[in-house]
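Inside the fold
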Amino acid sequence: MDNRELEQTIIKVLDDNKFGSFGTIEAGNKPKVRYMAVFHEGLDIYLATSRKTHKVEELQDNPHAFLLLGYEAGGSKDVLEIEATVAVTENEDLRSKVWSKELEQWFTGPDDPDYVILRLTPTRMEYAGKDKQHGVWESTAGAVGK
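A few points on the structure.

**Some thoughts on the overall build of the protein**
Counting its secondary structure elements, the protein contains three helices and nine strands. Put simply, the protein runs from its N terminus to its C terminus through helices and strands in the order α-β-β-β-β-α-β-β-α-β-β-β. Taken over C-alpha atoms, the radius of gyration comes to 15 Å for the protein, in line with the 15 Å a tight globule of 146 residues would show. Principal-axis analysis of the C-alpha atoms places the extent of the protein at approximately 45 × 35 × 30 Å. In the protein, which comprises 146 residues, the proportion classed as buried is 40%.

Laid out in structure tokens, this is it:
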């Protein structure tokens, strides 16, 4: 699978999987994983959260994180493992773009001061397809397909 095919396949997996397991590193160097709703535009990946959560504190101490998608009920049977660095942003355009009615159970609206976006910058993504396809995308080295 060439780089362009791999990127298109990754985008399809992101389209097909609205939730993922998001992992950070807690104090004491312990991993912490939680389910989160996943939003994206192409390979730009976003998670909505409250600035008052532990994950925001954890990311300020260590911006390296992991997102696992796929192989769950309601998603595809493809698996996508994403290593990324994460920035916490209050960018108004991005908050409006990610906002959805489902977020109203936690926030008063896209202008809620506690509403922030986690912007993931993938450094490495590994794709394993349900039909045994495989590919590795790396931000500096391009994709290496098998």
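Past the structure itself, the notes keep going.
**Focus: the packing of aromatic side chains**
For the structure shown, the criterion picks out two aromatic pairs. Ring centres 5.1 Å apart and planes at 50° place the aromatic pair F107 and Y115 in the tilted group. A single burial state applies to F107 and to Y115, both of which are buried. An aromatic cluster is built from W99, F107 and Y115, whose rings are joined through pairwise contacts.

**A closer look at the pattern of salt bridges**
For the coordinates displayed, the defined rule picks out eight salt bridges. One salt bridge connects E104 with K101, and the closest N-O pair in it is separated by 3.3 Å. A relative accessible area of 43% means that E104 is categorised as partly exposed. Shared partners join several salt bridges into a network, and the residues in it are E83, R124 and E126.

**Thoughts on helix α2 (residues 54–61)**
Listed as buried for α2 are K55, V56, E58 and L59. Projected down its long axis, α2 shows its buried positions confined to an angular sector of 160°, all on one face. Along α2, the residues that are exposed and aim more than 90 degrees away from the buried face are H54, Q60 and D61. Summarising the contacts, the buried residues of α2 are in contact with β1 (19–26), β2 (30–37), β4 (44–50), β5 (64–70), β6 (79–89) and β7 (115–128).

**A look at the environment of L14**
Position of L14 relative to the elements: it lies in helix α1 (residues 3–16). You can call L14 buried: its relative accessible area is 1%. Here the alpha-carbon distance between L14 and R34, two residues 20 residues apart in the chain, equals 17 Å. Residues contacting L14, with those up to four places away along its chain left out, are V38, H40, G42, I45, L69, L80 and I82.

**A closer look at the pairing of strand β8 (residues 134–138)**
The buried fraction of β8 amounts to four of the five residues, a majority that puts the element mostly inside the structure. Where β7 and β8 come together, five bridges link them in antiparallel fashion. Each residue of the ladder has a partner; that of A128, found in β8, is H134. Counting the residues between successive antiparallel strands, the hairpin from β7 to β8 contains five residues, one of them, K132, with a positive phi of roughly 70°.

Calculation rules
- Residues numbered from 1 in each chain as written.
- Predicted model: local features only at pLDDT ≥ 70, side-chain atom pairs only at ≥ 80, totals over all residues.
- Heavy atoms only, no water.
- Helix = DSSP H or I, 4+ residues; strand = E, 2+ residues; numbered from the N terminus.
- Rg over C-alpha atoms; globule rule 2.2 N^0.38 Å.
- Buried < 20%, exposed > 50% of the residue type's maximum accessible area, 1.4 Å probe, protein only.
- Phe/Tyr/Trp six-rings, centres within 6.5 Å; stacked < 30°, edge-to-face > 60°.
- Salt bridge = Lys/Arg side-chain N within 4 Å of Asp/Glu carboxyl O.
- Arc of directions from axis to C-beta.
- Contact = heavy atoms within 4.5 Å.
- Pairing = 2+ DSSP bridges.

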